[in-house]
Structures are given as structure tokens and as C-alpha cells.
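Coordinate analysis (summary)
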Amino acid sequence: MAAADNAPMLPVVRASELAATEGQTAWLIESLWLDEGVGVLGGSPKTCKSWLALEMATAIAGGQPCLGIYPVPRRGRVVVYMAEDAQPIVRQRLDALCAHHGLCLERLDLFAITADAVRLDLEADQRRLEATIANLRPRLLVLDPLVRLHRIDENSAGEVSVLLAFLRRLQRKYAMAVLLVHHSRKNGSATQPGQALRGSGDLHAFGDSNLYLRRVRDRLVLTFEHRAAAAPDPVDLVLVTGETPHLECVSDGGAKDDDGNLETAITDALREQAPLSAEALRRRLRVRGTRLRNTLNVLAGAGKIRRDKAGWRLLLDPSPPLR
């Protein structure tokens, strides 16, 4: 086959030489976000999208289960750009999340871009962002929200596709994940949340992983969508207020909670290693905090466990005696 005008060929290999997976889905956060995946965290205003984005960033940088139940297989560096929030607000939220998860913010490999503005449709800002990524090499880049990062027509598929192609190129070149926080239309469909995203349908098609938040009465419903993996059932979230505000699951949504017998799992864990704090048990058993606390109270009320300053321990051994 003759080359056109002696132009250089595109990179090409035999199909058998393509990189192969190891047979298992590679996760940045199990069930939530694919490793090196790009996508959108979408929802209408005031649905805690920024809280969830920072929760994910903190979990990855700290190697802690996201929302207390979705494991992070490997911790890594995270870079965030919170375009709508003042730096003290971002710091306050991160401090609260770290306090809730028992992390030290100063020790996290977590960086925040502090530029007054970043325009992804401008070549100069694209170069600045790429230089930042090339220097820091994060596992995740969070951009929140997309509407503050450009001046293109979001309804123009041509203009949107150019912007998304730039982010996809960064993802492939630097082997990182990219999370875009984006708004849904005011009257978007609840049954097809991806189609309810504001602007061009390319935003929905862009995602390897997409997350959607919508408010139902006093709760938030989180829906999952993955290109190359099965999506878990939706989960209900609430924003817990107080000294350490944070998002918390109030339904399991198929997460790894060992629903069959949590009481047995707790007593087995305490038999192997005690004392254990509630937080240590939550991480070990991958169960949401509210459900764990309720089960601990049941076991304590039954006289099977007790708590002291060091944590929870068995009060009596429920295992059957040896014969």
C-alpha cells in the first residue's frame, strides 16, 4: 500500500500486541471509578457534588475506603481545582474530611491548583495545566465545575468535543484519571441521568465512569455508570453536619457489607485482634458507619462486647467450646 505524499504513519501494532488486562477490572476506587478513567460527576446545584469530589480525592490520597465502604486499591497523588470555592472553604472541607477519616491533611499527597482562572479552551491555559500534570503526575485530576473552566457553547458538539479530546489526551499521556464536576439541567430526567447533563451529549459519552447525584426528599441518591464494568445499585447518602461534616451512606447499594451476618464478622474480627476502634472495624469490614454502630450497640446490649478507651473487645467468647 503506497503512502500518501510520503506522510509519516500513525503508530500501529498487531492486535495481538495490544496491552492486555490481567482478567480483573482495574479500579481507582472499587465500584466508583475505573483506574485511569475519565468521566463526569453530575447533578443539579446543591446536591453535594463538590463534597463527593473531595471525598474521593481524600480517599485516594489517604488510601482509605471512599464513603467508608468503597476500597481504594492503591493510594496515589491527587490534584484538584475547585473553581467556585474560596481557598478557606476548600481547606475547611478537607480538614473536616480528614478528621472524619482519621487522616492528617499535611501528610496527604493532595495538591490544589490556586490559579484565579483556568480556561480549558485556551491554548495557553492548556499548556499550563499540562505542565502542572507533567510535574506532579497525579493518579486523579479533579476539575470542579466544568462550567467555570471554559467559554465555549456547551450545546455545540464540535466545541465540546475539542475540549474533551484535550482531557482525554492528558489522561492517556500521563496515565491518570480525570473527574469533571458538571451540572444537570433543571428539568433533567431522573431515569436517564446521563442524558440530563447540561450541554452536548458528548459529555455523557465521554465517561469511562460517571456518577450522578440527585436529591430525593431528605437524602441524596448516588447512581453509578461504567463503560467497562457492571454498575452497582444506587445508594442513598446524607451530608452529616457537625464538627466534621462529611457524606455518609445510609443504604448499602450492593457494597461489600457482608449482609449475611455482620455480628459474626465483628466478633470474629475482635477475636483475631482486639481492641479495635469503630473506625478500624469499619475499614476492616467495609461497612457503613451507621450500620456498624447499630450492630455494635446490639452486641454490647447482649453482653458480648464492651468498649473501653482503647476500643472494642470481646466480653465473652461466643465461639463454641472445643470437644
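Above this text you will find the structure in question.
The structure reproduced in this document is the subject of the present report. Residue indices follow the written sequence of each chain, beginning from 1 at its first position. Predicted model: local features are reported for residues with pLDDT of at least 70 only, side-chain atom pairs are reported and counted for 80 or more only, and whole-chain, interface and lining totals are derived from all residues. No hydrogens and no water enter the side-chain calculation; it runs on all heavy atoms of the structure.

**Some points on the overall build of the protein**
Quick note on the threshold: Going along the chain from the N terminus, every DSSP run of H or I of four or more residues is numbered as a helix, and every run of E of two or more is numbered as a strand. Burial classes follow relative accessibility: with a 1.4 Å probe on protein chains only, a residue under 20% of its type's maximum area counts as buried, one over 50% as exposed, and anything between as partly exposed. Two residues qualify as a contact provided that any one of their heavy atoms is within 4.5 Å of a heavy atom in the partner residue. Shrake-Rupley sampling with a 1.4 Å probe provides the accessible areas, and residues are treated as covered by the protein chains on show and by no other component.
Check the secondary structure of the protein and you find eight helices and 13 strands. Counting across all 323 residues of the protein, residues that qualify as buried make up 48%. For the protein, restricting intrachain contacts to residue pairs at least 6 apart in sequence, the fraction spanning at least 24 positions comes to 64%. As displayed, the protein has an accessible area near 17,200 Å², and 49% of this comes from carbon and sulfur atoms.

**A few points about unusual backbone geometry**
Between Asp144 and Pro145 the backbone carries a cis peptide bond, its omega angle lying at -10°. With respect to the helices and strands, the residue Pro145 is situated in the loop between strand E6 (140–144) and helix H4 (157–174). Of note, the bond from Ala274 into Pro275 is cis; its omega dihedral lies within 30 degrees of zero at 0°. Positionally, Pro275 belongs in the loop between helix H6 (262–272) and helix H7 (278–285). Phi is positive for Glu36, which is not a glycine, with a value near 60°. When you line up the elements, Glu36 lands in the loop between strand E2 (33–34) and strand E3 (38–43). The class of Glu36 is partly exposed, set by a relative accessible area of 33%. In this structure, Arg217 is a non-glycine residue whose phi angle is positive, near 55°. By secondary structure assignment, the location of Arg217 is in the loop between strand E8 (209–216) and strand E9 (219–226). Residue classification places Arg217 among the exposed residues on the basis of a relative accessible area of 74%.

**Details of the packing of helix H3 (residues 123–136) against H4**
Heads up, the condition is: Axes here mean lines fitted to C-alpha atoms, for a helix over just the part in contact, with angles spanning 0 to 180 degrees between N-to-C directions. These descriptions rest on fixed angle ranges, namely under 35 degrees for roughly parallel, over 145 for roughly antiparallel, 65 to 115 for roughly perpendicular, and the rest for oblique. In this scheme the crossing of two helices becomes right-handed for a clockwise turn of the near helix relative to the far one and left-handed for an anticlockwise turn of less than a right angle. Each residue gets one label: Ala, Val, Leu, Ile, Met, Phe, Trp, Tyr, Cys and Pro are nonpolar, Asp, Glu, Lys and Arg are charged, and the others, such as Gly, are polar.
Across the interface, H3 lies against H4 with an axial gap of 11 Å and an inter-helix angle of 20°. Put simply, H3 runs roughly parallel to H4. Between H3 and H4 lies a crossing whose hand is right-handed. The segment H3 lies against H4, with Gln126, Leu129, Glu130, Ile133 and Ala134 engaging Phe166, Arg169, Leu170, Lys173 and Tyr174. Its residues assigned to classes, the contact of H3 with H4 shows six nonpolar, one polar and three charged.

**Some points on the pairing of E8**
Filter applied, for reference: Two strands are counted as paired when DSSP detects at least two bridges linking them.
Summarising the sheet, E3 and E8 pair through three bridges and their orientation is parallel. Bridge pairing links Gly43 to Leu213 in E8. Looking at chain direction, E8 and E9 are connected through eight bridges and run antiparallel. Paired with Asn210 across the strands is Glu225, a residue of E9. Hairpin connection between E8 and E9: a loop of two residues separates the two successive antiparallel strands, and Arg217 in this loop has a positive phi of roughly 55°.

**Focus: the sheet that holds E3**
An order of E5-E4-E6-E7-E3-E8-E9-E10-E11 is seen for the nine strands of this open sheet, with the pairing classed as mixed. Strands at the two margins of the open sheet, each flanked by one partner only, are strand E5 (110–112) and strand E11 (246–249). Pairs of neighbouring strands in the sheet enclose a mean axial angle of 25°, with direction left out of account. Bridge analysis of strand E4 (residues 78–82) against E6 gives five bridges, and the strand direction is parallel. Paired with Val79 across the bridge in E6 is Leu141. Taken strand by strand, H4 contacts E3, E6 and strand E7 (177–183), and its axis lies near 155° from that of E7.

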